[in-house]
Amino acid sequence: MYNLTGRNIVLGVTGSIAAYKAADLASKLTQAECSVDVIMTPEAAKFIAPLTFSSVTGRPAYASMWDAASAVTEAHVALSRRADLLVIAPATATTLARFAAGSAEDLVSLTALATRAPILICPAMDPNMFEHPAVQANVETLKARGVYFVGPDEGRLASGQMGVGRLSEVETVMGAIRFVLGRGGDLAAKKIVVTAGGTREQIDPVRYVGNYSSGKMGFAVAAAARDRGADSVLITAPTELADPYAVDVIRVKSAMEMRDAVAEQCARADALVMTAAVADYQPAEAIGEKIKREGRDSLTISLVRTPDILKDLSADEGLIKVGFAAESNDLLENARKKLKSKGVDLIVANDITAEGSGFGADTNQVTLLDKSGAEEELPLIGKYEVASRILDRVVSLIETRQR
Ligand code: C5P
């Protein structure tokens, strides 16, 4: 979780039925090694007890200005100074109005006035309320002041109504928190293009040639680039994974489509990380109708090579290129060959047969090989951490490149 470790998050919870979801958010942030201080409005404390929050965060949770004042001298001042980020989840219409007006009627709005940390607001309310011009005007006022927003999402609300008003999913809010904390990071103003997933080469309208790539490694690289301030673009073949927050996701199917998208995106990029498992072969001809089995005891499909996207990329000289070598045998020997033959700056050698490594796993064990001949073997770690180590290299390659 890298950019969350050791960060001080103040979580402001206000009076919406969605307040119970804030407990999950507080728990996830604590698991990601953030220090989480929860502050609540008195209305929020009617929906969920401060004890729930203090139990998951291991720190006091404050529901009133007067509690806070007795527990720590002027807790709101101390918390607002310490905060790396103030997250308001859920944020009610009243909270938005208080923030926009600069009133300090409760501990949450008071802290929002006192802090100079960035503020991320996650609204949750009845769809008619959210649409109301008064609420929309407050949202615009706050955005113009540099406040970040995530959601509300469309869906079913506690009232049974459908519409735009649901608190964003906790995973989305976590992505937004990482995005905001990453502003001004070491990849700020850099465009990083990442490919992910296994391409699908169409045989007929219902069948394809594919592979077992889950896309997890590439999604982790795109998220980790975003978390360091990059303009992160993810070109992905079909996967089960949801779009990461604040990553520009381009969905493609085949190797040809991926090649075109990569060429277009790399025209103005700083680095390309080719994590995708691109099919090496595609059917020689596209068959427009479903192949029938009647009258056939066997079927031969002729396959032809797909273009090598990485090797053939004629991007401008300054583009940093990172390739993957997913191998089942002679890992380092094959990786060394690919480093040269593909003309890349870095190869990530990945033994896909090792326990906890490769396709589908949440962890990976890789060796980084660069042009200087250096080979760095990393331990078995989470894919996000692997991504962070790859991006550490990308940062220094960008610094030393010659354009
Ligand atoms: O040659 P091999 O498929 O092992 O090379 C792997 C690397 O090359 C990966 O980074 C992969 O994304 C990329 N690749 C490509 N175009 C292909 C096949 C692989 O860019 N047709």
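What counts, and where the lines are drawn
- Residues numbered from 1 in each chain as written.
- Predicted model: local features only at pLDDT ≥ 70, side-chain atom pairs only at ≥ 80, totals over all residues.
- Heavy atoms only, no water.
- Domains from an automatic or database assignment.
- Contact = heavy atoms within 4.5 Å.
- Buried area = accessible area lost by both parts, 1.4 Å probe.
- Salt bridge = Lys/Arg side-chain N within 4 Å of Asp/Glu carboxyl O.
- Polar contact = N/O pair within 3.5 Å; in protein donor to acceptor, adjacent residues only side chain to side chain.
- Nonpolar A, V, L, I, M, F, W, Y, C, P; charged D, E, K, R; others polar.
- Patch = residues over 30% accessible without salt bridge, like charges linked within 9 Å, V, L, I, M, F, W, Y side chains within 5 Å.
- Areas by Shrake-Rupley, 256 points an atom, 1.4 Å probe, with all protein chains shown as cover.
- Helix = DSSP H or I, 4+ residues; strand = E, 2+ residues; numbered from the N terminus.
- Buried < 20%, exposed > 50% of the residue type's maximum accessible area, 1.4 Å probe, protein only.
- Pairing = 2+ DSSP bridges.
- Right-handed = clockwise from strand over helix to strand, strands pointing away.
- Lys, Arg positive; Asp, Glu negative; His and termini not counted.
- Expected span 1.5 Å × (residues − 1).

Engineer: Account for the domain arrangement of the protein, with residues named and values stated.
Structural biologist: Split by domain assignment, the protein resolves into domain 1 (8-181) and domain 2 (191-402). For domain 1 versus domain 2, the separation of C-alpha centres amounts to 38 Å. If you look at the interface, domain 1 gives seven residues, while domain 2 gives six residues. Across the domain 1/domain 2 interface, buried area totals approximately 550 Å², and carbon plus sulfur atoms make up 58% of it. Together, G175, R178 and F179 form the three largest contributors to the area buried by domain 1 at its contact with domain 2, with a combined 74%. Applying the counting criterion to the domain 1 and domain 2 interface returns one salt bridge. For R178, the salt bridge identified is with D227, shortest N-O distance 2.8 Å. If you look at where domain 1 meets domain 2, you find two residue pairs in polar contact (both at pLDDT 80 or more). Considered class by class, the residues forming the side of domain 1 that touches domain 2 number four nonpolar, two polar and one charged.

Engineer: Run through a nonpolar patch on the surface, naming residues and quoting values.
Structural biologist: A grouping of Y281, L299, I301 and L303 is seen on the molecular surface, where their side chains present a nonpolar patch of about 340 Å² in accessible area. Within the secondary structure, I301 is located in the loop between β15 (281-283) and β16 (303-305).

Engineer: I'd like to hear about the pairing of strand β17 (residues 320-327), residue by residue, with values.
Structural biologist: Successive residues of a regular strand alternate their side chains across the two faces of the sheet. Counting buried residues in β17 gives seven out of eight residues, a clear majority hidden from the surface. Where strand β14 (residues 271-274) lies against β17, four bridges are found, and the strand directions are parallel. Paired with A271 across the two strands is I320, which belongs to β17. Pairing of β17 with strand β18 (residues 346-351), which is carried by six bridges, proceeds in the parallel orientation. Directly across from F324, in β18, lies its bridge partner V348. As for the winding sense of the linkage, the β-α-β connection from β17 through helix α14 (residues 331-341) to β18 is right-handed.

Engineer: Talk me through the side chain of E201; I want residue IDs and the actual numbers.
Structural biologist: Tracing the backbone through its elements, the reader meets E201 in strand β10 (residues 201-204). At 9.3 Å, R200 is the nearest oppositely charged side chain to E201, a buried residue that forms no salt bridge. One polar contact links E201 to T199, side chain to side chain, over a distance of 2.8 Å. From its side chain, E201 meets the backbone nitrogen of A255 in a polar contact 2.9 Å long.

Engineer: Can you break down helix α15 (residues 383-400) residue by residue, with the values?
Structural biologist: A rise of 1.5 Å per residue sets the reference length of α15, with its 18 residues, at 26 Å; its end C-alpha atoms lie 26 Å apart and thus fit the reference within 8%. When α15 is considered as a whole, its buried residues turn out to be K383, Y384, V386, A387, S388, I390, L391, R393, V394, V395 and I398.

Engineer: Kindly report on the pairing of strand β4 (residues 85-91), identifying the contributing residues and their values.
Structural biologist: For β4, a buried count of seven out of seven residues is recorded, marking the element as mostly surrounded by other parts of the structure. In β4, alternate side chains face the same way, and those of L85, V87, A89 and A91 on one face and L86, I88 and P90 on the other are all buried. Pairing between strand β1 (residues 8-13) and β4: four bridges, direction parallel. The partner of G12 across the bridge, within β4, is I88. Two strands pair when backbone bridges link them, and β4 and strand β5 (residues 119-123) are joined in this way by four bridges, in the parallel orientation. Note on β5: the bridge partner recorded for L86 is I119.

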